[in-house]
2 protein chains.
Amino acid sequence: MSQKPLPGFRDFYPDQFAERAHIFDTWRRVVRRYAFQEYDGPPLEPLELYTQKSGEEIVTQLYNFTDKGDRAVAMRPEMTPTFARMVGAKAQALRKPVRWFAIPQLFRYERTQKGRLREHFQLNVDIVGEADVLADAELLSIAIEIMRAFGLSDRDVRARVSDRRLLNGLLSHLGIAESSWAAVYAVLDKLERQPREVSAEKLAAAGLDANTVDTVLGFGTLDFATVAARYGDAPAVREHVERFRQYLAYLDALGVAAWVQFDLTIVRGLAYYTGIVFELFDNVGEFRAICGGGRYDNLLKSLGGTDLPALGFGMGDVVIGELLRSRGLLHAVPAAPAFWVAQSPDTGDAPQAALRTARALRDADCAVEFTLRSQKLDKQLEAGRKADARAFVIVDPSSAEAPWRVRRSAHDDLVFSSLEALVAWASMPHESSHE
Amino acid sequence: MSQKPLPGFRDFYPDQFAERAHIFDTWRRVVRRYAFQEYDGPPLEPLELYTQKSGEEIVTQLYNFTDKGDRAVAMRPEMTPTFARMVGAKAQALRKPVRWFAIPQLFRYERTQKGRLREHFQLNVDIVGEADVLADAELLSIAIEIMRAFGLSDRDVRARVSDRRLLNGLLSHLGIAESSWAAVYAVLDKLERQPREVSAEKLAAAGLDANTVDTVLGFGTLDFATVAARYGDAPAVREHVERFRQYLAYLDALGVAAWVQFDLTIVRGLAYYTGIVFELFDNVGEFRAICGGGRYDNLLKSLGGTDLPALGFGMGDVVIGELLRSRGLLHAVPAAPAFWVAQSPDTGDAPQAALRTARALRDADCAVEFTLRSQKLDKQLEAGRKADARAFVIVDPSSAEAPWRVRRSAHDDLVFSSLEALVAWASMPHESSHE
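This report concerns the structure included in the present document. What you see is a predicted model; the values in this text were computed from it and never measured.

Rules of the game
- Residues numbered from 1 in each chain as written.
- Chains lettered and ligands numbered in written order.
- Predicted model: local features only at pLDDT ≥ 70, side-chain atom pairs only at ≥ 80, totals over all residues.
- Heavy atoms only, no water.
- Helix = DSSP H or I, 4+ residues; strand = E, 2+ residues; numbered from the N terminus.
- Buried < 20%, exposed > 50% of the residue type's maximum accessible area, 1.4 Å probe, protein only.
- Contact = heavy atoms within 4.5 Å.
- Areas by Shrake-Rupley, 256 points an atom, 1.4 Å probe, with all protein chains shown as cover.
- Buried area = accessible area lost by both parts, 1.4 Å probe.
- Salt bridge = Lys/Arg side-chain N within 4 Å of Asp/Glu carboxyl O.
- Polar contact = N/O pair within 3.5 Å; in protein donor to acceptor, adjacent residues only side chain to side chain.
- Axes fitted to C-alpha atoms, helices over the stretch in contact; angles between N-to-C directions.
- Parallel < 35°, antiparallel > 145°, perpendicular 65-115°, else oblique.
- Nonpolar A, V, L, I, M, F, W, Y, C, P; charged D, E, K, R; others polar.
- Least-squares fit on C-alpha atoms with pLDDT ≥ 70 in both.

1. Details of the overall build of chain A
- What chain A contains, in helices and strands, is 15 helices and 17 strands.
- Based on the C-alpha atoms only, the size of chain A along its principal axes is roughly 95 × 55 × 45 Å.
- Taken across its 435 residues, chain A has 57% of its residues classed as buried.
- If you take every contact in chain A between residues at least 6 apart in sequence, the share linking residues at least 24 apart comes to 68%.
- When the accessible surface of chain A is split by element, carbon and sulfur atoms take 48% of a total near 17500 Å².

Okay, here's the thing in structure tokens:
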């Protein structure tokens, strides 16, 4: 029997599962503060759901096949098409704005390399039915509050934010023909990673004159105040600057402005986003983007659904896990038993009294374990120590008065003369073993 | 765009997701009381992982394909092979007994018919490394305590239990050749569903004489006391009766004996189980088995892993969901906002004060929503009512003294003069909106 999972797939032993659960729990805790509701869809969908949005090229990256009913199907590489399908099917009946989240496992057949998996889990948070920029601020604040809940600060992570409409307004104001915008986007997207001459050549090839090339190459260092001062009165730009100013004011009221950095090089998927877009990065630049998202007002309609404005982000479990681990912020471990129940005297008798005790403690929602065979007391206690039990309950059915002793350390025995008293004590909040 | 999932696959809208979450949460809550640790494995595995255990026939039921690296792979139809692989890979290092659980989604290409899906979620609970029958009692008590946690009683559900070793002892005692046992098992498995004459013919064809055929056909109505009285002294049976008696005593000490019914017609997978086996059924006989499991001491070794005794059960989300729904015990709904924050006066001003209030309440872990655009107060409140908000917070930044009013019903306004006071009140347990 092979002892390994497929390349790019992960086994989650309890140690790894505890880390994953910490990430999922933190995601859920924050998103629920924002009153979002969780949904899920199938991990296998018709192939066309994905080719319709992303074109046939995506098939090379998919786990796709023909099922036994001759359907072309694919394991989901992203959640948005499923989300769009589900919202579309009930668009009339759903309360707007729709505020939904999901934590799907996603699959891509990529070349496996360091840190590149073929599956990951991704928090998806989406709002449908609200065009106002306040929705954009609400959305980004969720991603940032998640960082805060993980123990990260604005010294660790920044949110780089652009606005597709503002950028279009700038290009328009600079006299760049709309047919060249895609080329400009591509250059901006690579501005940090590609030599300046290469970028300049590409812009020139797209028809920009030398002055405009210089201006565009300077976009990477423009802050919002400079854009507002320099271009804020231009007719093609004005309303977009005003909207973005409003967005920043909302982010400030929501308490996350310090994390946000205006950055016109944040482009993201060309065919997809229509407004404000953002990505979260660690400040050291050590990892890939932690999170990315933005406004995609035309997507639901283009997928044949209803025409509703929408925005959302995705955050994978892998990059955030690496970042938290590197900062010493991922120390989740599986829960140990709250109580290890043992039975004395040292006779190896059938442990009925221990079982009744365990049952009563479990009824009070305590995590309880005991030796799964009759054993001498020292063996029972040794097993409990190996399990890292937080406390021992030693029951002695031969004692008439005080058969239950609770031992939390060598010098700390509590004695109970009834099971009810023991359970009442174990149920007290400060002794609680609730998870 | 197709608005439907693939046949046999489910969309989980928030309403359905809340029901699924109630089932998962109940599973986790009970299993954690037993100090089990959660794990997970890949939903896609090498095909041979499944054919090795179940033979080539299983392929007709699988979502299997060749991936882009020419590997024969399959979406997991069950968790046990992955569990065996994971335990096998670290058998030396793991503390024994291993007490693990998982809630994988499983996939089978079955003919879709009423109530038959092609995916479901299944709680898997397994113990590895303990041969004693106390482990069998512990395992069954988990399945039964889950029923209790769902609000079901021993009037709703019974656990039908047999012991493969005891049954073998009986067949041996009756002089039935070991080569005929498989045929006897097959008849017992169908005893309830197949005409008595058919069963009798099959047993005769397997070489049983008329007397023995009658005896075996009577197995379906034998209780344990009768078996013990009638066969308990037979050398081939004695130790198995004793063990089973001990098992029942343990179940009694664990508080679940009333749910348990001895039933020699519970057979389950032939090549798999080696000891006590069980299935949970609703008492009306309305649904398929809720849960099934037992001891499979040889499986880990036969899959090329380590030779460790093991036992476990699986419980799907579909049958238990149908049963709970039919009994009125599945009424989970998505959480509504604890607070809807609105801003007055009725000016439609930018809602900075509302945003700051929302942020402070969210910091205190309350679920908070507000209108995602500037709106008049009555529109804001109407939106909150549509969202079923449990309470309204109306902030009036033009008021110097008491800008925060909390309204839980028409005649119940609380007034706070500082945000800190509001948050302190909202954080009190009786007002808590923690999920």
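Next, the rest of the story.
2. Quick notes on the interface of chain A and chain B
- Every contact between the two is made by 103 residues of chain A and, on the other side, 103 residues of chain B.
- Summed over both sides, the interface of chain A with chain B buries roughly 8700 Å², with 59% coming from carbon and sulfur.
- Between chain A and chain B we count 16 salt bridges in total.
- Linking Asp 40 of chain B and Arg 20 of chain A is a salt bridge whose minimum nitrogen-to-oxygen distance equals 2.9 Å.
- Seen at the junction of chain A and chain B, the total is 30 residue pairs in polar contact (both at pLDDT 80 or more).

3. Quick notes on the packing of helix H10 (residues 238-253) of chain A against helix H13 (residues 352-363) of chain B
- Where H10 of chain A contacts H13 of chain B, the two axes come as close as 8 Å, and the packing angle between them is 40°. Classified by the interaxial angle, the pair formed by H10 of chain A and H13 of chain B is oblique. Residue-level inspection shows Gln 246, Ala 249, Tyr 250 and Ala 253 of chain A of H10 of chain A in contact with H13 of chain B, the latter providing Gln 352, Leu 355, Arg 356 and Arg 359 of chain B.
- Residue composition of the contact of H10 of chain A with H13 of chain B, by class: four nonpolar, two polar and two charged.

4. Some thoughts on the relation of the copies chain A and chain B
- It takes a turn of 180° to lay chain A on chain B, together with a shift of 0.0 Å along the axis; the resulting RMSD is 0.0 Å. Such a combination of rotation and displacement between the chain copies is what one expects of a two-fold axis. Closest approach to the rotation axis within chain A is made by the C-alpha atom of Phe 65 of chain A, at a distance of 3.1 Å.
- Taken together, the interface assignments show that 100% of the residues at the interface of chain A recur at the interface of chain B, consistent with an identical surface on both copies.

By themselves, these observations are geometric and do not establish any function.
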